[in-house]
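Observations on the model geometry
Here is how the chains run, residue by residue.
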2 protein chains.
Amino acid sequence: MKAEIICIGDELLLGQIMETNSAWIAQQLSKVSVPVVQIATVADEEKAILEALESASNRAELVIITGGLGPTRDDVTKKTAAKYFNTTLIKNDEVLFHVKGIFSKLGYEMPAINRSQADVLACCTPLFNKVGTAPGMWIDEKEKVYIFLPGVPYEMKYLMEYEVLPRLQKLYIKDIYRHEYILTVGIGESVLAQKIEDVEEALPENISIAYLPKIGMVRLRLSGKGDKAAVLQRQLEEIKRRISEKLGAAIVAYDNVEFEEVLIHEMTKAGVSLATAESCTGGKIAANLTKYAGAGKVFLGSVVSYANEVKTKVLKVPEETLQNQGAVSEETVIAMVKEAKELFGSDYAVATSGIAGPTGGTQEKPVGTVWIAVKGKYKLRTKAFHFQNNRQINIARTTTQALLMLWDLFREEKIENPENNLLNS
Amino acid sequence: MKAEIICIGDELLLGQIMETNSAWIAQQLSKVSVPVVQIATVADEEKAILEALESASNRAELVIITGGLGPTRDDVTKKTAAKYFNTTLIKNDEVLFHVKGIFSKLGYEMPAINRSQADVLACCTPLFNKVGTAPGMWIDEKEKVYIFLPGVPYEMKYLMEYEVLPRLQKLYIKDIYRHEYILTVGIGESVLAQKIEDVEEALPENISIAYLPKIGMVRLRLSGKGDKAAVLQRQLEEIKRRISEKLGAAIVAYDNVEFEEVLIHEMTKAGVSLATAESCTGGKIAANLTKYAGAGKVFLGSVVSYANEVKTKVLKVPEETLQNQGAVSEETVIAMVKEAKELFGSDYAVATSGIAGPTGGTQEKPVGTVWIAVKGKYKLRTKAFHFQNNRQINIARTTTQALLMLWDLFREEKIENPENNLLNS
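**What to know about the overall build of chain A**
Helix and strand counts for chain A stand at 15 helices and 17 strands. Taken over the C-alpha atoms alone, chain A extends approximately 75 × 60 × 40 Å along its principal axes. Burial statistics for chain A: of 425 residues in total, 47% are counted as buried. Long-range pairs, those at least 24 residues apart, make up 64% of the contacts in chain A with a sequence separation of at least 6.

As structure tokens, then:
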């Protein structure tokens, strides 16, 4: 069974809203071995929706459509679907009761406009939406399955999780697909490709390798297709083993996890704690770490010292340092990282200070100039970076580089001091 | 001229990487009045790419293709394009020189694998990529334009900005498209729709309204099409005026800006400063504000007090409060917000503490329980929220609600104290 996803909404075609639903749906389908062959984003227009449905049915047996189910006039998905399936819309009392209930819980009467949300295709199985007002719809038609879901991400996710995926798992799925991931840091895509050239040349027909580069890291994805799960898994394990022989310490994880999660996990195992002192990253390092459950086992806290007075008052950076060397200097990040470690009583600390842009640069220190310091249990490291002109990219790069410097120092100290396993300060 | 975007990459169909290029490209094209009619995401496979090119050419005069131009084996875009345009790949010496130069700057010799990056379609105008190794390609074919760009976002953005958009602006563009935006906070989508029902019913044929809801806010987009820019603009202004009569204070901005930018701008105008004390949001509020240039005029800094010891030591939350009322309590966020204001010497402060999940909940305080406090120049506000089970959604909701509470308090104090214009502490 192959799937195709259609996302409906003018706002997506204007780039006004980032379309994130299809990536999430694709991840879920991949877990139940249903590959997505194409994703189409189309306008809130009858013609575009009809064409997309037609075209998707030619490639896939499962079509998931999101968006355009709201009560407002710009949402045309339901009446267009009725036309496509040559059926009508009927009022579903159970859905109507539910929508009224949502409003009455909030202390309102249901606006008249929301009555239309209880309309569903006559040929569908309605999917009850407990977290919103737009129901989903499941349609079996000519040995294909069409599923309509709301475009609001958490409503779509709720329906996928509780209504769609359990039903899909009951369907017959022929081919088995498996993916394995290897996360590497510190080596660029082309150098990596050269290092594992032999492995790639000797790959069996049914297995492929893809390179997924991000700032400072590359994820390798091994994809396999077969009919026996155990055989496929053995093949993939063997290739993973060969790759790990070639790449060694550049590999940080064999799971499909984020680098921050690996860092938290390894630091938790070593029983060490972390604090940050952030100027140009403005809390982004802290936010990136605390995004993940379990961060609290390692991460104690942060001082975001955006204003210079906060650097002197809270982080005790000497006035003279700011005056003589400036806020973006090696001396400043050293003072910041030392005080962060002291103030929070942490084993490790990182500090950032830079000119994120687009303004604030000078001839001597142009936009993109960044200093990072990392302090561990034994050592202190500093490094200057010269990024470019884009504020958000500069913040992202600084965040990643700070965590990479932390990772390197942490691993080094762990290897050099195996006896105490980094358990004592 | 209408455009279509094709994104190529297996990783996108697996949901492994979030496809963000098309939204950005769509925004840029919208600025030069080129509407995007469809976006397709397809696999790194000859058949899929050929079909997508064919299908896009039937709907659009401009086709922008991103991804699959890398040096590794999984990238097949160039040879597939050669087949589609019935041409060959030729080595471009200028590109080769550039790619070698990039490696030599980094102190490496160019890996052999990267030689292929200098191959371009014989029929194309190469687009030189100064920030990466994969060149773009511009192809004029049967009165249509095809543009191939790398998938790495900052390389794609560089080429769009410096090579593609300037050339496109020279092309003849017939219809004029204009969009106007109204950002509202605190009213749900359906209630909003009811309030402006009369305006929607009286809309002229060439203008439409779309609802773009996010957590706690709805953006309205007015889209108009016409042949005279001045006439169209007058029509849109008149509809904006009618809507603003209906919605009043719920409107925070008439531009296509983010709520955080409005907050920074208005607080800058009032000459007031802001600090945050964040527990469950883990730095996300600070990061969301500092994402925007100009944040430094208002935002002084933050203490991310993830560990309880940081709450007591740095933010002076009394031990007894943590023991008796708990870290997630009204008393705790009040203590946090007071000390944040004191420590940073700011006019406004916000504090958050909650159980983001997925673990850490109790019967009395389940996952999703959050307290927020906001302190202004004169008043203190607190509020409890009961969100659901998803960690990242809980962090996002808390971040937005904290900023909405701040906005309300700031506006209230500004209205009640017009004489000092909030300029003195």
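**Considering the relation of the copies chain A and chain B**
Applying a rotation about an axis and a shift along it to one chain copy brings it onto the other copy. When chain A is fitted to chain B, the residual RMSD is 0.1 Å, and the transformation amounts to a turn of 180° plus an axial shift of 0.1 Å. The transformation just described matches what one would write down for a two-fold rotation axis.

**Let's talk about the interface of chain A and chain B**
Facing the 75 residues of chain A at the interface are 75 residues of chain B. Split by residue class, the side of chain A that touches chain B holds 40 nonpolar, 24 polar and eleven charged. Where strand β2 (residues 36-42) of chain A lies against strand β2 (residues 36-42) of chain B, five bridges are found, and the strand directions are antiparallel. Within β2(B), the residue paired with Q38(A) across the bridge is V42(B).

**Concerning the packing of helix α3 (residues 46-59) of chain B against helix α4 (residues 77-84) of chain B**
Residue and element names in this part refer to chain B. Across the interface, α3 lies against α4 with an axial gap of 10 Å and an inter-helix angle of 50°. On the basis of their axis angle, the class for α3 and α4 is oblique. In the packing of α3 onto α4, the handedness of the crossing is right-handed. Residues E46, I49, L50 and L53 of α3 pack against T77, T80 and Y84 of α4. A class-by-class count of the residues in the contact of α3 with α4 yields four nonpolar, two polar and one charged.

**Some thoughts on the pairing of strand β14 (residues 299-305) of chain A**
Look at any regular strand and the pattern is simple: side chains alternate between the two faces of the sheet. By the criterion of burial, β14(A) is predominantly enclosed, with seven of the seven residues buried. Pairing of strand β13 (residues 274-278) of chain A with β14(A), which is carried by five bridges, proceeds in the parallel orientation. Of the residues in β14(A), the one forming a bridge with A277(A) is V303(A). In this fold, β13(A) hands off to helix α11 (residues 284-290) of chain A, which returns the chain to β14(A); that crossover is right-handed. Both β14(A) and strand β14 (residues 299-305) of chain B contribute to a ladder of five bridges, which runs antiparallel. Pairing of S302(A) across the sheet is with V304(B), part of β14(B).

**Description of the sheet that holds strand β6 (residues 125-127) of chain B**
Ordered by their spatial adjacency, twelve strands build an open sheet running β6(A)-β7(A)-β8(A)-β3(A)-β1(A)-β2(A)-β2(B)-β1(B)-β3(B)-β8(B)-β7(B)-β6(B), and the pairing between neighbours is mixed. Since the sheet does not close on itself, it has two edges, and those belong to β6 (125-127) of chain A together with β6 of chain B, each with one partner. Averaged over all pairs of adjacent strands, the angle between strand axes in this sheet comes to 15°, irrespective of strand direction. Relative to strand β8 (residues 144-149) of chain A, strand β7 (residues 136-141) of chain A is paired through five bridges, and the arrangement is antiparallel. By the bridge assignment for β8(A), M137(A) is matched with F148(A). Those strands touched by helix α6 (residues 153-170) of chain A are β3 (62-66), β6, β7 and β8 of chain A, and its axis lies near 140° from that of β8(A).

**Focus on α4(B)**
Every buried residue of α4(B) is accounted for by T77(B), K78(B), T80(B) and A81(B). Buried residues of α4(B), viewed axially, fall in a sector of 165°; they line one side.

**A closer look at the sheet that holds strand β9 (residues 176-185) of chain A**
Residues and elements named next belong to chain A. Judged by pairing direction, the sheet is antiparallel, and its four strands sit side by side in the order β10-β11-β9-β12 without closing on themselves. At either margin of the open sheet sits one strand with a lone partner, and together these are β10 (207-214) and β12 (251-253). Each strand of the sheet is rotated relative to its neighbour by a mean of 30°, with strand direction disregarded. Sheet topology places β9 next to β12; two bridges connect them, and they run antiparallel. Considered in β12, the bridge of L183 is made with A253.

**Some points on the nonpolar core**
A general tendency of soluble globular proteins is for nonpolar side chains to be buried together. Ranked by internal contacts, the top residues of the largest apolar core, which has 241 residues, are A340(A) and A340(B). Dropping the residues within four chain positions of it, A340(B) is found in contact with A275(B), T276(B), A277(B), V303(B), L315(B), A349(B) and A351(B).

**Quick look at the pairing of β2(A)**
All names here are of chain A. Of all seven residues in β2, six are buried, a share of seventy percent or more. The pairing of strand β1 (residues 3-8) with β2 spans six bridges and is classified as parallel. Each bridged residue has a counterpart across the sheet, and for I6 the counterpart in β2 is A40.

**A look at the confidence of the model for chain A**
Of the residues in chain A, 97% have a pLDDT of 70 or more, and the chain-wide mean is 91. Predicted complex metrics record ipTM = 0.75 and pTM = 0.75.

**Let's talk about the packing of helix α2 (residues 21-31) of chain B against helix α6 (residues 153-170) of chain B**
Residues and elements named next belong to chain B. One can describe the packing of α2 onto α6 by two numbers: an axis separation of 11 Å at closest approach and a directional angle of 20°. Of the possible angle classes, the one that applies to α2 and α6 is roughly parallel. As α2 runs across α6, the sense of the crossing is right-handed. Residues N21, W24, I25 and Q28 of α2 form the contact with α6, whose own contacting residues are P153, M156, K157, M160 and L165. The residue makeup of the contact of α2 with α6, split by class, is six nonpolar, two polar and one charged.

**A word on the environment of E109(B)**
All names here are of chain B. Among the secondary structure elements, E109 is positioned in the loop between α5 (93-105) and β5 (119-121). Its 8 C-beta neighbours within 10 Å are what place E109 among the exposed residues. Along the backbone, E109 and T352 are 243 residues apart, and their C-alpha atoms lie at a distance of 51 Å.

**Quick word on unusual backbone geometry**
A cis geometry characterises the amide bond from G357(A) onward to P358(A), with omega recorded as 0°. Checked against the element boundaries, P358(A) lands in the loop between β15 (348-354) and β16 (369-375). In this structure, N86(A) takes a positive phi of about 55° despite not being glycine. With respect to the helices and strands, N86(A) occurs in the loop between α4 (77-84) and β4 (89-91). According to the C-beta neighbour criterion, N86(A) is exposed, with 8 such atoms within 10 Å. In this model, K316(B) sits at a positive phi of 55°, which is unusual for a non-glycine residue. Tracing the chain through its elements places K316(B) in the loop between α12 (308-313) and α13 (319-324).

**Overview of helix α10 (residues 259-270) of chain B**
For an α-helix, 3.6 residues make a turn, and residues three or four places apart therefore share a direction. All names here are of chain B. The end-to-end C-alpha distance of α10 is 17 Å, a good match for the 16 Å that twelve residues give at a rise of 1.5 Å each. Buried residues of α10: F259, L263, I264, M267 and A270, and no others. Down the axis, α10 shows its buried residues gathered within 140° of arc, on one side only. Packing partners of the buried residues in α10 comprise β9 (176-185), β11 (217-226), β12 (251-253), β13 (274-278), α11 (284-290) and α15 (391-416). Looking at the residues trailing α10, positive phi occurs at G271, about 70°.

**Section: the environment of G70(B)**
Relative to the elements of secondary structure, G70(B) occurs in the loop between β3 (62-66) and α4. Look at G70(B) and you get buried, because 27 C-beta atoms sit within 10 Å. Distance in space between the C-alpha atoms of G70(B) and E4(B) is 22 Å, their sequence separation being 66 residues. In contact with G70(B), other than residues within four places in its own chain, are E189(A), Y211(A), D75(B) and A134(B).

What counts, and where the lines are drawn
- Residues numbered from 1 in each chain as written.
- Chains lettered and ligands numbered in written order.
- Predicted model: local features only at pLDDT ≥ 70, side-chain atom pairs only at ≥ 80, totals over all residues.
- Helix = DSSP H or I, 4+ residues; strand = E, 2+ residues; numbered from the N terminus.
- Buried ≥ 20, exposed ≤ 12 C-beta atoms within 10 Å, placed from the backbone.
- Contact = placed C-beta atoms within 7 Å.
- Least-squares fit on C-alpha atoms with pLDDT ≥ 70 in both.
- Nonpolar A, V, L, I, M, F, W, Y, C, P; charged D, E, K, R; others polar.
- Pairing = 2+ DSSP bridges.
- Axes fitted to C-alpha atoms, helices over the stretch in contact; angles between N-to-C directions.
- Parallel < 35°, antiparallel > 145°, perpendicular 65-115°, else oblique.
- Left-handed = near helix turned anticlockwise from the far one by under 90°.
- Right-handed = clockwise from strand over helix to strand, strands pointing away.
- Arc of directions from axis to C-beta.
- Core = buried A, V, L, I, M, F, W, Y, C linked by C-beta atoms within 7 Å.
- pLDDT = per-residue confidence, 0-100.
- Expected span 1.5 Å × (residues − 1).

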